[in-house]
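Analysis of the macromolecular model
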Amino acid sequence: MAAQVRHGGSPSPVLPGRLAVRGGPGPARGALVTGAPGQAPRPGRASQPGRASQPGRASQPGRASQPGRASRSGRRGGDSGTKEAILTAARARFGDLGYDRATIRGIASDAGVDAALVHHFYGTKDQLFAAAMRLPVNPRQVLDAALSPGSRGQDRSLGEHLLRTVLGVWEVAEMRATFLGLLRSAPTSEQAVVMLREFLGGAILGPLAEAAREAAPGVAAEEAGYRAALVASQVLGLGLTRYVLEVESLAQVSTEDLVAAIAPNLDRYLSGDLR
C-alpha cells in the first residue's frame, strides 16, 4: 500500500509507482541559450568574422550577442515541465532504491536533464526528497534551525526547545496531515519504511547525534547515535499516539503539559545518565 499524503485538498500517493521518465519531457540535455544575431555591419564596411573586440573598447549598451556566442546559462525553457519530470523521476528512484542509494545523478538521468539542473531547482538531496514526497516542510531544515547557535533562550533546555519545535510543526494542519499520512502508511508499505528509515537516519538522527555529542562532551559516536535514536523514538511515538491513534488522554492534553512531562526525558536522552 503506497504512503499517502495530502496535496491540495485530497490525499495523493507518496509512491506513485514507477513513473520515472526515461528520456522524458523537458528540453534536451546541455541546451544552451544563444544570443540574438549581432548588429549588421555599417554600410561600406566589411564585416570581419571572428574579429575580437579591441582592448579597452566599451561594449555598446543593449547590443545583442554575436551569432554562435552562447550567453551565460540560466533556467531552461519550460521550467514547470522540467521540474515535474525531476520530481517524477525522484519518486520512482526513491521508491525503487530507497533514500540512500538514490542519487541526484541517477534521478537527473531518468528525467533527461543535467544533474546541475536538479541542484538548481531543488538544492540538496534531502530537499529534493521533501519535494518529491510532497512534505510541506523539510524536516532537516527545521532541525538545523532549531539546533543553530542562539536559536533557544537561556531559560530553555535543549530537550524542551526541540520538543516545542516539533509540536509547533505538528500543530499546523497541512504539515500535520502530510506527516501523519507517512506515519499511517509506513507499517504497510515496505518502500515507505525503507525511505523513511534512511531519510530519518541521514537527515534527522545525524544532527541529533551531533547535538548529543555537544551536550555531553566525550560521548563516543556510537553512544551519540543511540541517544539520538532514543530522542527520535520519543518524538515519533508522541506523534503516533497523539495525532494518529488520537489516544484521548494525550490528544486532549495541552502543549505545556506535554513539554513538562516529556522534555526532561529528551534532556536525559541527550546528555543524562542512561543507566
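Residues numbered from 1 in each chain as written. Predicted model: local features only at pLDDT ≥ 70, side-chain atom pairs only at ≥ 80, totals over all residues. Heavy atoms only, no water.

Below, the discussion takes up the overall build of the protein. Across its full length, the protein holds 11 helices and 2 strands. If you list the helices and strands of the protein from N to C, you get β-β-α-α-α-α-α-α-α-α-α-α-α. Buried positions account for 36% of the 275 residues belonging to the protein. Counting contacts in the protein only where the partners sit at least 6 residues apart, residues at least 24 apart contribute 72% of the total. Of the roughly 15400 Å² of accessible surface on the protein, a fraction of 53% belongs to carbon and sulfur atoms. (Helix = DSSP H or I, 4+ residues; strand = E, 2+ residues; numbered from the N terminus. Buried < 20%, exposed > 50% of the residue type's maximum accessible area, 1.4 Å probe, protein only. Contact = heavy atoms within 4.5 Å. Areas by Shrake-Rupley, 256 points an atom, 1.4 Å probe, with all protein chains shown as cover.)

Take the environment of Gly 168 next. Within the fold, Gly 168 resides in helix α6 (residues 158-170). The spatial distance from the C-alpha of Gly 168 to the C-alpha of Thr 255 is 9.3 Å, given a sequence separation of 87 residues.

To continue, consider the pattern of salt bridges. For the structure shown, the criterion picks out 8 salt bridges. A salt bridge links Glu 160 to Arg 164; the nearest nitrogen and oxygen atoms lie 2.9 Å apart. Linking Glu 160 with Arg 164, this pair stays in helix α6, spanning 4 residues, or about one helical turn. Ionic pairing is found between Arg 164 and Glu 256, a salt bridge with its closest N-O pair at 2.8 Å. Pair noted here: Arg 164 is in helix α6 and Glu 256 is in helix α11 (residues 255-271), with a separation of 92 residues, a long-range link. (Salt bridge = Lys/Arg side-chain N within 4 Å of Asp/Glu carboxyl O.)

The phi torsion at Glu 246 lies on the positive side, around 55°, for a residue other than glycine. Along the polypeptide, Glu 246 turns up in the loop between α9 (221-244) and α10 (248-251). Assessed through its relative accessible area of 55%, Glu 246 is described here as exposed.

This paragraph deals with the side chain of Arg 91. Along the chain, the position of Arg 91 falls in helix α1 (residues 79-101). Accessibility expressed as a relative area gives 6% for Arg 91, which makes it buried. At 2.7 Å, the side chain of Arg 91 forms a polar contact with the backbone oxygen of Ala 132. (Polar contact = N/O pair within 3.5 Å; in protein donor to acceptor, adjacent residues only side chain to side chain.)

Before going further, it helps to spend a moment on the nonpolar core. Burial of nonpolar side chains together is a common tendency in soluble globular proteins. One finds Ile 86, Phe 94, Leu 128, Leu 163 and Leu 167 to be the most contacted residues of the largest nonpolar core, which totals 54 residues. Ranked by the residues each element gives to this core, the list is headed by helix α8 (residues 190-215), at 8 residues. (Core = buried A, V, L, I, M, F, W, Y, C linked by side-chain atoms within 4.5 Å.)

Below, the discussion takes up the packing of helix α5 (residues 139-147) against α6. Axis separation between α5 and α6 bottoms out at 10 Å; the angle between their running directions is 145°. Here α5 runs over α6; the crossing is right-handed. Residues Val 142, Leu 143, Ala 146 and Leu 147 of α5 lie in contact with α6, whose contacting residues are Leu 158, His 161, Leu 162, Thr 165 and Val 169. Tallied by class, residues from the contact of α5 with α6 come to 7 nonpolar, 2 polar and no charged. (Axes fitted to C-alpha atoms, helices over the stretch in contact; angles between N-to-C directions. Left-handed = near helix turned anticlockwise from the far one by under 90°. Nonpolar A, V, L, I, M, F, W, Y, C, P; charged D, E, K, R; others polar.)

So, on to the packing of aromatic side chains. Scanning the model with the defined rule gives 4 aromatic pairs in all. Ring centres of Phe 94 and Phe 129 lie 5.1 Å apart, and the angle between their planes is 80°; this geometry places the pair in the edge-to-face category. Separated by 35 residues along the polypeptide, Phe 94 in helix α1 and Phe 129 in helix α4 (residues 125-132) bring together distant segments of the chain. For Phe 94, a relative accessible area of 0% translates into the label buried. By relative accessible area, Phe 129 is classed as buried at 2%. Connected via pairs of aromatic rings, a cluster forms that spans Phe 94, Phe 129 and Phe 199. (Phe/Tyr/Trp six-rings, centres within 6.5 Å; stacked < 30°, edge-to-face > 60°.)

As for its position among the elements, Val 231 is in helix α9. For Val 231, a relative accessible area of 3% gives the class buried. Distance from Val 231 to Ala 209, taken between C-alpha atoms, is 9.6 Å for residues 22 residues apart in sequence. Beyond its immediate sequence surroundings of up to four residues, Val 231 is in contact with Leu 208, Leu 266, Tyr 269 and Leu 270.

The next thing to look at is the packing of α1 against α4. Between two packed helices, both the angle of their axes relative to each other and the distance between the axes serve to describe the pair. Look at α1 against α4: their axes get within 9 Å of each other, and the N-to-C directions meet at 110°. It follows that α1 is roughly perpendicular to α4 by the angle criterion. Here Ile 86, Leu 87, Ala 90, Arg 91, Phe 94, Tyr 99 and Asp 100 of α1 come into contact with α4, specifically with Lys 125, Asp 126, Leu 128, Phe 129, Ala 131 and Ala 132. Here the contact of α1 with α4 is built from residues that sort into 9 nonpolar, no polar and 4 charged. (Parallel < 35°, antiparallel > 145°, perpendicular 65-115°, else oblique.)

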